[in-house]
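# Observations on the three-dimensional arrangement
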Amino acid sequence: MKPYVICHMLGSVDGKIKQNIWGLKDAAKYFEEPAAKIKADAWLVGRVTMQEFSSKKPLPKTTARLRIPKEDFVAEKKSKTFAVVIDPSGKCTWDTNMVSTEQVIEVLTEKVSSAYLAHLKDKNVSYIFGGEKELDLKLVLEKLNKLFGIKTVRIDGGGHVNGSFLKAGLIDEFSLVLAPVADGTTGQPTVFEVGEGFGKRKATRFRLKSVKRIYEDFLWIRYEVVKPKRAGRK
Ligand SMILES: NC(=O)c1ccc[n+]([C@@H]2O[C@H](COP(=O)([O-])OP(=O)(O)OC[C@H]3O[C@@H](n4cnc5c(N)ncnc54)[C@H](OP(=O)(O)O)[C@@H]3O)[C@@H](O)[C@H]2O)c1
């Protein structure tokens, strides 16, 4: 079963997501407080975003000749909720298998080394494989449900991970906290980063579920995704 997927982001009016020049005091609360009101069994982020929370230490060096099979590893359950990272090459290192109150799950491809898998096992970090060289995100969601019982996932960015799930048609809802700022920076990630140019792809349509004024000048907008009609159906 595919879990229900809600993408949640804090964005400027021009769709930017890095807050470096926004000048917001206590910036995290504008993302975190609305996020905490969205019920989910897991939050999921891209590798770049997770490196803000994972260890700053490099992968421990080893001289041992290791051959660890590329099989999913489910650590003993320590919490009711999970922190999932899309980390295809295994770049996040860990001091513990928790981020705050959530237990970490690494989503990998088979490109990762045995030394990296040994590190995850040593820290008791769960990991699943989502493909040989590229990730099948539908399979990833199905494994999160089957192996960890996750029924609802909140995707918390950044733009590249959001864009990947959008392109794959796997997002059910979008929750946007619209900050009253125009950023204007070019070359920085936006809410959804999918690919250059328009190509043959169609934009994703949303239907408004609710809109609420918060923190005076912010808007919390909740949309559901309008799913494309299947061919042959009217
Ligand atoms: N305003 C907000 O609400 C908000 C929320 C979250 C994050 N942020 C900010 O956003 C910035 C990071 O965003 P970002 O877009 O640069 O990075 P990101 O989405 O956090 O991470 C991107 C990385 O994730 C991996 N990845 C994502 N989708 C993949 C796929 N389909 N297949 C394989 N790998 C995939 C790749 O890792 P590899 O490069 O290792 O292959 C990719 O480079 C940070 O500054 C963060 O603070 C803002």
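Fair warning: this is a prediction, and the values are worked out from it, not measured in the lab.

### Observations concerning the site of the ligand
Lining the immediate environment of the ligand, one finds 23 residues, of which Leu-10, Arg-47, Thr-49, Glu-52 and His-160 sit closest. Taking Thr-49, its side chain carries an N or O atom lying 2.6 Å from an oxygen atom of the ligand. Burial of the ligand by the protein chains amounts to 80% of its free accessible area of 930 Å². Those elements giving two or more residues to the shell around the ligand turn out to be strand S1 (4-11), helix H2 (47-50) and helix H5 (159-167). Examining the composition of the shell around the ligand, we find that 4 residues originate from one element, H5, more than from any other. For the shell around the ligand, the per-class residue count stands at 10 nonpolar, 8 polar and 5 charged. Structurally, the shell around the ligand is a two-domain feature, drawing no fewer than three residues from each of domain 1 (1-41 + 151-234) and domain 2 (45-136).

### Describing the pairing of strand S7 (residues 152-155)
Burial along S7 is two-sided: Thr-152 and Arg-154 facing one way and Val-153 and Ile-155 facing the other are all buried. In the sheet, S1 pairs with S7 via 4 bridges, with the strands oriented parallel. Residue Tyr-4 lies in a different strand from S7, and its bridge partner there is Thr-152. Pairing between strand S2 (residues 42-46) and S7: 3 bridges, direction parallel. Note that in S7 the partner of Leu-44 across the bridge is Ile-155.

### Quick look at the domain arrangement of the protein
Split into domains, the protein comes out as domain 1 (1-41 + 151-234) and domain 2 (45-136). Computed from C-alpha coordinates alone, the two centres of domain 1 and domain 2 are separated by 25 Å. Contact residues are listed per partner, giving 7 residues for domain 1 and 7 residues for domain 2. Summed over both sides, the interface between domain 1 and domain 2 buries roughly 430 Å², with carbon and sulfur atoms accounting for 58% of that surface. Of all residues in domain 1, Asp-41, Gly-157 and Val-161 bury the most surface against domain 2, accounting for 61% of the area lost on that side. Put simply, domain 1 and domain 2 have 0 salt bridges between them. Applying the counting rule to domain 1 against domain 2 returns 3 residue pairs in polar contact (both at pLDDT 80 or more).

### Quick notes on the nonpolar core
If you look at the biggest cluster of nonpolar residues, it comprises 32 residues, and the most contacted ones within it are Leu-44, Leu-144 and Phe-165. The element best represented in this core is helix H4 (residues 137-148), accounting for 5 residues. Residue-level mapping places this core at the junction of two domains, with at least three residues from each of domain 1 (1-41 + 151-234) and domain 2 (45-136). Sequence-distant contacts of Leu-44, that is, excluding residues within four places in its chain, are made with Val-84, Ile-86, Leu-144, Val-153, Arg-154, Ile-155, Asp-156, Gly-157, Val-161 and Phe-165.

### Describing the packing of aromatic side chains
One pass over the full model with this rule turns up 11 aromatic pairs. Taken together, a centroid distance of 5.8 Å and an interplanar angle of 80° make the contact between Tyr-127 and Phe-129 edge-to-face. With respect to class, Tyr-127 is no different from Phe-129; both count as buried. Put simply, the rings of Phe-174, Phe-192, Phe-206 and Tyr-223 pair up and form one aromatic cluster.

### Considerations on the environment of Ile-214
Relative to the helices and strands, Ile-214 resides in strand S9 (residues 205-214). For Ile-214, a relative accessible area of 14% gives the class buried. As a C-alpha pair, Ile-214 and Phe-192 span 22 residues in sequence and 23 Å in three-dimensional space. Filtering out sequence-adjacent residues up to four positions away, Ile-214 remains in contact with Pro-34, Val-177, Leu-219 and Trp-220.

### Quick look at the pattern of salt bridges
The full count for this structure, using the stated rule, is 10 salt bridges. Here Lys-16 ties to Asp-14 by a salt bridge, and the two come within 4.0 Å at their closest N and O atoms. Three or more residues joined by partner-sharing salt bridges are found here, namely Lys-2, Asp-172 and Lys-227.

Basis of the calculations
Residue positions within a chain follow its written sequence, with the count starting from 1. pLDDT decides what is reported in this predicted model: residues at 70 or higher carry local features, side-chain atom pairs at 80 or more are listed and counted, and totals for whole chains, interfaces and linings draw on all residues regardless. Hydrogen atoms and water are omitted, and side-chain values are computed over all heavy atoms in the structure. Whether a residue is near a molecule or strand depends on its heavy atoms: it is near if one of them lies within 4 Å of it. Here a polar contact means two N or O atoms within 3.5 Å. Within protein one must be a hydrogen donor candidate and the other an acceptor candidate, and residues neighboring in sequence count only if both atoms are side-chain atoms. The Shrake-Rupley method, run with a 1.4 Å probe sphere, supplies the accessible areas, and residue values consider only the shown protein chains as cover. By definition, any uninterrupted DSSP run of H or I lasting at least four residues is a helix, any uninterrupted run of E lasting at least two residues is a strand, and each is numbered from the N terminus. Under the grouping applied here, Gly and all other residues not named as nonpolar or charged are polar, the nonpolar ones being Ala, Val, Leu, Ile, Met, Phe, Trp, Tyr, Cys and Pro and the charged ones Asp, Glu, Lys and Arg. The start and end points of each domain follow an automatic or database-based domain assignment. Think of it in three bands: residues with accessible area under 20% of the maximum for their type are buried, residues over 50% are exposed, and the middle band is partly exposed, with areas taken using a 1.4 Å probe on protein chains only. By the convention used here, strands pair only if DSSP detects at least 2 bridges between them. What makes two residues a contact is simply this: any of their non-hydrogen atoms within 4.5 Å. Two parts placed together each lose some accessible area; with a 1.4 Å probe, that loss summed over both constitutes the buried area. Within this document, salt bridges are pairs made up of a side-chain nitrogen of Lys or Arg and a carboxyl oxygen of Asp or Glu, the two lying within 4 Å of each other. Nonpolar cores are built from buried Ala, Val, Leu, Ile, Met, Phe, Trp, Tyr and Cys residues. Side-chain atoms within 4.5 Å join them into one set. Two rings from Phe, Tyr or Trp (for Trp, the six-membered ring) form a pair when their centres sit within 6.5 Å of each other. Planes less than 30 degrees apart are called stacked, planes more than 60 degrees apart edge-to-face, and all others tilted.

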